[in-house]
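Each chain, letter by letter, is given below.
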Amino acid sequence: MQKQIHQWIRLHREEGTSFLQNMVRIPTTQGNEKEAQVLIADKLREMRLDVDVWEPDGETLEAHPYFCSPRNRFTGSPNVVGVLKGSGGGRSILLNGHMDVVPEGNPEQWDDDPFSGKVVDGKLFGRGATDMKGGIASLLLAVGAVQGTGIKLKGDLIIQSVIEEESGGVGTLAAIVKGYQADAALIPEPTNLRIFPKQQGSMWFRIEVKGRSAHGGTRYEGVSAIEKSIAVMQHIQELEKKRNARISDPLYAHNPIPIPINIGVIQGGNWPSSVPDTVKLEGRMGVAPDEKLEEAKEEMVRWLVGLKEKDLWFEEHPPVVEWFGARWVPGNVDPGHELMRVLMQQYREVRQEEPTIEASPWGTDGGLLTQLGETPCIVFGPGITQVAHYPNEHIVMEDVFEAAEMIALTVIHWCGCDGMEA
């Protein structure tokens, strides 16, 4: 069976590369996913899957506690789901990938068109090649290999191409609300073929730091919100150290800061000759795989209250924290889960080496699937995070094909094989 899967993928490498190029050449930034999703839907129909295409109902989803999106209308942004029904008696699996990509940034920082899809020395270039259209290509090749070799599965296979992962997971939320669920799930985010049973969560925050304005010539009569914001940031750095000191999970052994707190935006002051009275800090707070988002929020709020013990200014002018924008639910699957065992074994068969098991340093839709969808999710895929969201983003095509082979074999062993078609 492994030889047949390997041979099928080898024979369809050119086709897989071409399809990935077509995906990358469509700039699927937020609100512009439709053309690529039609491409996916047509491909799934070609593979004889039952296909469901729909635009999420933003007005309904907006009331859901897990809803997170800068918009509530998704016209032109459909989800695509394909279902391959099994013969019965096997376990079901859900394969999930996101079609949306982050903006390309300054084109001058790219060596070529940011959406070229150009292949050079075995690497395919373009925004989204690694995050995560290369992973979607692996899924399609894996399902194609199962279909193309005539293998009949016992359990159902569900493959999803969703929107809005980059801003919090509305596409996957919509699929969960619609009833898509399985015994386990796999998301081929760019892990460099490492296996992540646990994923960090994260959420965005905004803190308003208050000062007192005065003329710059008599600045000693005012209180600089910029200077006070430095104290706030230093205090937050202490919280980061405290939170990370609690983490002893060996899956984070090679990560110097498992759950960072990053300040990404500072805005303050409006006139060079005035003492600034307000500064706004915006950042991202990492959340541990076994931690609830609300627990992390409460710890941040309690910690900021402690500022008054260091500076009496904060007793009457406490910094105000607001949670806004994107958030990603943490995911936590027991490393001893049966899907882990199956995937690890197929990795060994294909690569003839031991897989690397770690915890994800970033958020994915895996937390939503695990916590809300009751579908334990593992993250494993081609591509490396060090090029995702960067200029000259690219993916090594050999990794795409290897991932496809491992995923195909994992699907077969997980769902069970009911023979082969004549």
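Residues numbered from 1 in each chain as written. Predicted model: local features only at pLDDT ≥ 70, side-chain atom pairs only at ≥ 80, totals over all residues. Heavy atoms only, no water.

Participant: Go over the packing of helix α10 (residues 338-351) against helix α12 (residues 397-415) with me, naming the residues and quoting the values.
Facilitator: Put simply, α10 and α12 touch, their axes get as near as 9 Å, and they point 130 degrees apart. Taken together, the axes of α10 and α12 are oblique relative to one another. Seen along the crossing, α10 lies across α12 with a hand that is right-handed. Contact with α10, carried on its side by Glu338, Leu339, Val342, Leu343, Gln346, Tyr347, Val350 and Arg351, involves Asp399, Glu402, Glu405, Met406, Leu409, Thr410, His413 and Trp414 of α12 and no other residues of that element. Classifying every residue of the contact of α10 with α12 by side-chain character gives eight nonpolar, three polar and five charged. (Axes fitted to C-alpha atoms, helices over the stretch in contact; angles between N-to-C directions. Helix = DSSP H or I, 4+ residues; strand = E, 2+ residues; numbered from the N terminus. Parallel < 35°, antiparallel > 145°, perpendicular 65-115°, else oblique. Left-handed = near helix turned anticlockwise from the far one by under 90°. Contact = heavy atoms within 4.5 Å. Nonpolar A, V, L, I, M, F, W, Y, C, P; charged D, E, K, R; others polar.)

Participant: Outline α10, supporting the account with residue identities and numerical values.
Facilitator: With 14 residues, α10 extends 20 Å between its outermost C-alpha atoms, agreeing within 8% with the 20 Å of an ideal straight helix rising 1.5 Å per residue. Along α10, the residues that are buried comprise Leu339, Met340, Val342, Leu343, Met344, Gln346, Tyr347 and Val350. Backbone geometry just after α10 places Gln352 at a positive phi near 55 degrees. (Expected span 1.5 Å × (residues − 1). Buried < 20%, exposed > 50% of the residue type's maximum accessible area, 1.4 Å probe, protein only.)

Participant: Outline the sheet that holds strand β10 (residues 201-210), listing residues and values.
Facilitator: Spatially, β11-β12-β10-β13 is the arrangement adopted by the four strands of the open sheet, whose pairing is antiparallel. The sheet is open, and its two borders are formed by β11 (261-268) and β13 (320-328), each paired with just one other strand. With strand direction ignored, the average angle separating the axes of adjacent strands in the sheet is 20 degrees. Pairing between β11 and strand β12 (residues 278-287): seven bridges, direction antiparallel. Each bridged residue has a counterpart across the sheet, and for Asn262 the counterpart in β12 is Arg284. This element, helix α7 (residues 225-245), spans β10, β11 and β12 of the sheet and lies at about 10 degrees to β12. (Pairing = 2+ DSSP bridges.)

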